[in-house]
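Chain by chain, the residues run as shown.
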Amino acid sequence: LKKTLSGISSSSSERDLMAAFLKLIPSHSSVASADVLCRPVLVQSHIPAARTLSSQKISSNKNVYGFCHGGIFSATRQFRSASVSSSVSGVNEPKPSISCETATSASIIDGKKISQVIKEELKQEVDDLVKAGFKRPGLAVVLVGERKDSATYVRSKKKGCEEVGIVSFGVDLPEDASQEEVLKVVSDLNANPDVHGILVQLPLPAHIDKEVVLGAISLEKDVDGFHPINVGRLCMSGRTKPSAVACTPKGCIDLLERSGVEIRGKKAVVLGRSNVVGLPAAMLLMQRDATVTICHSKTANLPDVVAEADIIIAAIGQPELVKKSWVKPGAVVIDVGINAKNDPSSPKGYRLVGDVDYPEVSQVAGKITPVPGGVGPMTIAMLLRNTVDCAKRIEGFSS
């Protein structure tokens, strides 16, 4: 590779560049004929003057080759009996069908397994807290209405509390409960010394102002990390730390760190700019010295931007948006998305998928989270983590 590329100068033509590349393929050492497409890719690192190859025509049967990320990549399609013209003899030689693709498989970041480890750690911390004579941590969850998905989430949180020894307080209100009624419940929980964490399950009915309700939760008991002061503290370096950080982005960072992923100095792309995931995830990455780019629906050349990332956090709410061609080989991919995709073969008529095309991207990524079983379990684990931390702070316990 080095020998071949060393002969390419900044003045080399596209044809010379293609010829040099084809020398790397054992049975295709001659120059490609004019109908070969070299898809636009950036020539980097090994070439003195980086340039983008122009698009040319290709038969859909041929593979697409290019220089990318300082190395060589091939797309998934294979050559099929291509006829390649020799620049020397001018004789057409039929070539056998070959594949130059090297199949790789990403390491799975198992959110279920990691969350279970965290729960075991928390159970020990709760036991230590109680043995020291302090109150057992208590988490109150307020559910307004009868949304099935919200009720499922609440049950998962209560089950998590049982696993680690946290006392669970549940308050269920009807769909037509007034905002004043919800605020009264929050006020009572703020004053309850047995409650160390308060969570209002979102979304709330349309007639209730979410911001007013979330702002009414005591700062010390804001285990969701949504209180305006906690959000502000997250965004300011060198100041008082937030009492809690939003559970899902916190879980993403914990997945990275517990999986041995180096964040410092890496390029990170966060797909999505929501207050719940995107923005806090970006702040947490920056606090760990990553260079962060936040992408959204108006980002130009989105695939190209994502392709620069060493770490990708996808939280954009678009099923299987991120494709293999978007991802740098070896990149770490955290998929926050959870979307229902029609699947007649499934007993439910659908299956859950993330914002990343998992079958494709897992072929090129270095590490990746599955959906389900990746970020989801970590969100619950981080809620429990925040509850225990708030309880320690409120009770004045230091381990």
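Since we're looking at a predicted model, the values are computed, not measured.

Draft legend 1. Representation of the side chain of Asp-357 within the structure. Relative to the assigned elements, Asp-357 resides in the loop between β14 (350–353) and α11 (358–361). Among the residues examined, Asp-357 registers a relative accessible area of 10% and is labelled buried.

Draft legend 2. Region of the structure containing the pairing of strand β11 (residues 311–314). Neither face of β11 is exposed, since Ile-311 and Ile-313 on one face and Ile-312 and Ala-314 on the opposite face are all buried. Of the pairings in the sheet, the one linking strand β9 (residues 267–271) to β11 comprises 4 bridges and is parallel in character. Residue pairing in the sheet places Ala-268 in a bridge with Ile-311 of β11. Pairing geometry for β11 and strand β12 (residues 332–335), over 4 bridges, is parallel. If you follow Ala-314 over to β12, its bridge partner there is Asp-335.

Draft legend 3. Looking closely at the nonpolar core. One finds Ile-166, Leu-256, Leu-285 and Ile-334 to be the most contacted residues of the largest nonpolar core, which totals 48 residues. Per-element accounting of this core gives the leading share, 9 residues, to helix α12 (residues 375–395). Beyond its immediate stretch of four places on either side in the chain, Ile-166 contacts Val-126, Pro-137, Gly-138, Leu-139, Cys-161, Leu-384, Thr-387 and Val-388.

Draft legend 4. Geometry of the sheet that holds strand β5 (residues 107–108). Ordered in space as β5-β15-β12-β11-β9-β10, the 6 strands form an open sheet in which the pairing is parallel. Lying at the two open borders of the sheet, with one neighbouring strand each, are β5 and β10 (291–295). The strands touched by helix α8 (residues 247–258) within the sheet are β11 and β12, with β12 carrying the most contacts at an inclination of about 150°. Each of β9, β10 and β11 touches helix α9 (residues 278–287); the most contacted strand, β10, lies at about 170° to it.

Draft legend 5. Region of interest: the pattern of salt bridges. In this structure the tally under the stated criterion is 18 salt bridges. Between Asp-389 and Arg-385 there is a salt bridge whose closest N-O contact spans 3.0 Å. Of this pair, Asp-389 and Arg-385 both sit in helix α12, separated by 4 residues, roughly a single helical turn. Taking relative accessible area as the criterion, Asp-389 reaches 24% and is therefore assigned partly exposed. One network of salt bridges, in which partners are shared, links Glu-125, Arg-385, Asp-389 and Lys-392.

The rules behind these values
Per-chain numbering applies: the sequence of each chain, read as written, is numbered from 1 onward. Residues qualify for local features only when their pLDDT is at least 70, as the model is predicted, and side-chain atom pairs are given and counted only at 80 or more; totals for whole chains, interfaces and linings, by contrast, use all residues. Water and hydrogen atoms were dropped before computing side-chain values, which therefore reflect all heavy atoms in the structure. Secondary structure follows DSSP: runs of H or I at least 4 residues long count as helices, runs of E at least 2 residues long count as strands, and numbering of each begins at the N terminus. Relative accessibility thresholds used throughout: buried, under 20% of the residue-type maximum; exposed, over 50%; partly exposed, between the two (1.4 Å probe, protein chains only). Two strands pair under a simple rule: DSSP has to find at least two bridges between them. Take the buried Ala, Val, Leu, Ile, Met, Phe, Trp, Tyr and Cys residues and link them wherever side-chain atoms come within 4.5 Å; each set so joined is a nonpolar core. Contacts are assigned to residue pairs with any non-hydrogen atoms lying within 4.5 Å of each other. Only the stretch in contact is used when fitting a helix axis, every axis being a line fitted to C-alpha atoms; angles between N-to-C directions are given from 0 to 180 degrees. The salt bridge criterion pairs a side-chain nitrogen of Lys or Arg with a carboxyl oxygen of Asp or Glu, the two atoms within 4 Å.

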